[in-house]
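The residues making up each chain are set out below.
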Amino acid sequence: MTKSQAPLYDAFARVPLQFERGEGVRLYTFEGEEYLDFAAGIAVNALGHGHPHLVEALKTQAEALWHVSNLYESPQQTKLAGRLCENSFAERVFFTNSGTESLEAAFKTARRWHYDNGNPERIDIITFEGAFHGRSLAAISAGGNSKYMEGFGPKLEGFISLPFGDHDALKAAVGPTTAAILIEPVQGEGGIRPVPHQCLRGLRKLCDEQGILLIYDEVQCGVGRTGRFFAHQWIEGAEPDIMAIAKGIGGGFPVGACLASEEAASAMQPGTHGTTYGGNPLAMAVGNAVLDVVLEGGFLEAVNDKGRFLRQRLAELADTYPDIIELARGDGLLQGMKCRVPNIDVVAAFRDQNLLSVPAGDNVVRIMPPLTVTEEELKEGVAKMDAALSAMQAAQ
Ligand SMILES: *Cc1c(COP(=O)(O)O)cnc(C)c1O
């Protein structure tokens, strides 16, 4: 392992690139070199870089009020929560600063609901292999990658990981100690693996029959990424009881939220949970500004159209370079290419063409441009991918 020069934890394998500023889908290094950003901060910069409406919202709020804590009422939180609820299954919202914290709130909401309903033995959260739910001890216990647990002590009690798509294993695992089932409607870090629609409907039915709660992690696939406000909204009859979101809702400002039905949130009474920064006015101003754009008429339809266009181009690349790309999959602007060569080589080749992408599990390269990307910019990105793959093929 090489040691980095910076006095920082070596916890990240950082690419030696330093960006000074960004504009739309473009990033610029301190030397002025331009990159097309199809990584979008790992599906965070939903509206790209320097979006004027977000910049304005943050500036205006910064001049008015930064922070007062959750000791007082928050009209900014009420407004954003109201809009999240109006546009989803949810009736209650708890704001956080990250995806991980949103999942923590979800776990506590689920367990406490059973506790308050006379079933304190129901603590198990069933999760799936390949899933990613964050990096806290509970989140790595819930995650489907045991590598993240290594050296950090025992997995927390009450987290059961099952193979992805194994119905028999699921039936066998559900029992009198089950509190909730947790799933990403589209696995992000796991390699852009969408859960089949009938499976999510099946999970909803199973949860109803067994009196257990269904939790979705839409931290990556939510807030317009798949062309619907939330990914599960593509599916009839598959609404969750609790849902964690983050990433896109802040457009680059740290915001997360745990959404819940009135019933599921009913046990979270004063004193059960808290946060210092969660729902801070700056974060709420930006979250509301993101929704101004994402919920505007036609925005999500455009994400869909652009997603279809991108998906087709990626499928063509897979056809053209079958020795490098096995297949393309994904919804909206959450697309992945499963590789036949190491995915990190493809990410590096794209970067050599000044295009940013993100590796994922299952040997996938994630292509997640800002939702504001234009078709022209998508074409530009695809041309860069084509050039990179062509160079890779010539070198094979
Ligand atoms: C990124 C991510 C998380 C963790 O979010 P953080 O903001 O990094 O804590 C959780 N779940 C999913 C699906 C994610 O993509």
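All figures in this text were calculated on a predicted structure; none of them were measured in a lab.

J.: I keep staring at the overall build of the chain and nothing clicks. Help me out?
T.: Per the secondary structure count, the chain includes 11 helices and 17 strands. Radius of gyration (C-alpha) of the chain: 21 Å, near the 21 Å computed for a compact globule of 396 residues. Each principal axis of the C-alpha atoms in the chain carries an extent, and together these give about 65 × 55 × 45 Å. Looking at the 396 residues of the chain, the share that counts as buried comes to 52%. Of the contacts made within the chain by residues no fewer than 6 positions apart, 72% connect residues no fewer than 24 positions apart. The average position of the 34 basic charges and that of the 50 acidic charges among the side chains of the chain differ by 2 Å.

J.: What is the right way to look at the environment of Gln 187 in this model?
T.: Turning to its location among the elements, Gln 187 is positioned in strand β8 (residues 186–187). According to the relative accessible area criterion, Gln 187 is buried, its value standing at 1%. As for Gln 187 and Ala 360, which are separated by 173 residues in sequence, their C-alpha atoms are 9.8 Å apart. If sequence neighbours within four positions are ignored, Gln 187 has contacts with Phe 128, Glu 129, Gly 130, Ala 131, Phe 164, Ile 192 and Arg 193. In terms of polar contacts, Gln 187 uses its side chain to reach the backbone carbonyl oxygen of Glu 129, at 3.1 Å.

J.: Would you explain the sheet that holds strand β11 (residues 242–245) in this entry?
T.: Working definition: the strands of a sheet are paired by backbone hydrogen bonds and lie parallel or antiparallel to each other. As summarised here, the arrangement of the seven strands in space is β4-β12-β11-β10-β7-β5-β6, forming an open sheet in which the pairing is mixed. In this open sheet, the two strands that pair with only one neighbour each are β4 (92–96) and β6 (159–162). Going from strand to strand, the sheet's axes swing by 20° on average, the running direction of each strand aside. Both strand β7 (residues 178–183) and strand β10 (residues 213–217) contribute to a ladder of four bridges, which runs parallel. Directly across from Ile 183, in β10, lies its bridge partner Tyr 216. Where helix α3 (residues 75–86) meets the sheet, its contacts fall on β4, β11 and β12 (256–260), and the angle it forms with β4 comes to roughly 125°.

J.: Would you mind showing me how to read the sheet that holds strand β2 (residues 26–29) here?
T.: Read from one edge to the other, the open sheet built from four strands follows the order β1-β2-β3-β15, with strand pairing classed as mixed. Each edge of the open sheet is held by one strand with a lone partner, namely β1 (19–23) and β15 (355–356). As paired strands, β2 and strand β3 (residues 34–37) are joined by three bridges and run antiparallel to one another. The residue of β3 that forms the bridge with Arg 26 is Leu 36.

J.: Is there a simple way to think about the domain arrangement of the chain in this case?
T.: For interface size, the figure often reported is the accessible area lost on association. By domain assignment, the chain separates into domain 1 (19–50 + 298–395) and domain 2 (65–294). On a C-alpha basis, the centroid separation for the pair domain 1 and domain 2 is 27 Å. If you look at the interface, domain 1 gives 28 residues, while domain 2 gives 25 residues. Summed over both sides, the interface of domain 1 with domain 2 buries roughly 2100 Å², with 63% coming from carbon and sulfur. Three residues stand out in domain 1 for area buried against domain 2, namely Val 44, Leu 300 and Leu 334, and they jointly supply 26% of the buried area on that side. Close ionic contact of Arg 366 with Glu 189 constitutes a salt bridge, the shortest N to O distance being 3.0 Å. At the boundary of domain 1 with domain 2, the tally comes to eight residue pairs in polar contact (both at pLDDT 80 or more). Sorting the residues of the side of domain 1 that touches domain 2 by element identifies α1 (40–43), α9 (299–320), β13 (325–331), β14 (334–339) and β17 (364–367) as the ones contributing at least two each. No other element matches α9, which puts four residues into the side of domain 1 that touches domain 2. Residue composition of the side of domain 1 that touches domain 2, grouped by class: 17 nonpolar, seven polar and four charged.

J.: Is there a simple way to explain the site of the ligand in this structure?
T.: Neighbouring residues of the ligand: Ser 98, Gly 99, Thr 100, Phe 132, His 133, Gly 134, Glu 184, Asp 217, Val 219, Gln 220 and Lys 247. Gly 99 is positioned with one of its backbone polar atoms (N or O) 2.8 Å from an oxygen atom of the ligand. Coverage of the ligand by the protein chains reaches 83% of its 380 Å² of free accessible surface.

J.: What's the story with the pattern of salt bridges in this structure? I'm lost.
T.: Side-chain pairing between opposite charges can occur once the charged atoms of the two side chains come close. Per the stated rule, a full pass over the model turns up 15 salt bridges. For Lys 379, the salt bridge is made with Glu 376, and the minimal N-O distance between the two is 3.5 Å. Of this pair, Lys 379 and Glu 376 both sit in helix α11 (residues 375–395), three residues apart, which is roughly one turn of the helix. Since its relative accessible area comes to 39%, Lys 379 is described here as partly exposed. The exposed category is assigned to Glu 376, whose relative accessible area is 54%. Salt bridges sharing partners connect three or more residues here, namely Arg 26, Glu 34 and Glu 380.

J.: When you look at the pairing of β1 in this model, what are you seeing that I'm missing?
T.: Successive side chains on a regular strand alternate, one facing one side of the sheet and the next facing the other. Of the pairings in the sheet, the one linking β1 to β2 comprises four bridges and is antiparallel in character. Looking across to β2, one finds that Gly 22 is bridged to Leu 27.

J.: Would you mind showing me how to read helix α8 (residues 281–294) here?
T.: Each α-helix winds once per 3.6 residues, and so residues spaced three or four apart point in a common direction. The terminal C-alpha atoms of α8 lie 20 Å apart, and with 14 residues this matches the ideal 20 Å at 1.5 Å per residue to within 8%. Burial analysis of α8 places 13 of its 14 residues in the buried class, the great majority of the element. One side-chain oxygen at the N-terminal end of α8 lies 2.7 Å from the backbone nitrogen of Leu 282; it belongs to Asn 280.

Parameters at a glance
Residues numbered from 1 in each chain as written. Predicted model: local features only at pLDDT ≥ 70, side-chain atom pairs only at ≥ 80, totals over all residues. Heavy atoms only, no water. Helix = DSSP H or I, 4+ residues; strand = E, 2+ residues; numbered from the N terminus. Rg over C-alpha atoms; globule rule 2.2 N^0.38 Å. Buried < 20%, exposed > 50% of the residue type's maximum accessible area, 1.4 Å probe, protein only. Contact = heavy atoms within 4.5 Å. Lys, Arg positive; Asp, Glu negative; His and termini not counted. Charge placed at Lys NZ, Arg CZ, Asp CG, Glu CD. Polar contact = N/O pair within 3.5 Å; in protein donor to acceptor, adjacent residues only side chain to side chain. Pairing = 2+ DSSP bridges. Axes fitted to C-alpha atoms, helices over the stretch in contact; angles between N-to-C directions. Domains from an automatic or database assignment. Buried area = accessible area lost by both parts, 1.4 Å probe. Salt bridge = Lys/Arg side-chain N within 4 Å of Asp/Glu carboxyl O. Nonpolar A, V, L, I, M, F, W, Y, C, P; charged D, E, K, R; others polar. Near = heavy atom within 4 Å. Areas by Shrake-Rupley, 256 points an atom, 1.4 Å probe, with all protein chains shown as cover. Expected span 1.5 Å × (residues − 1).

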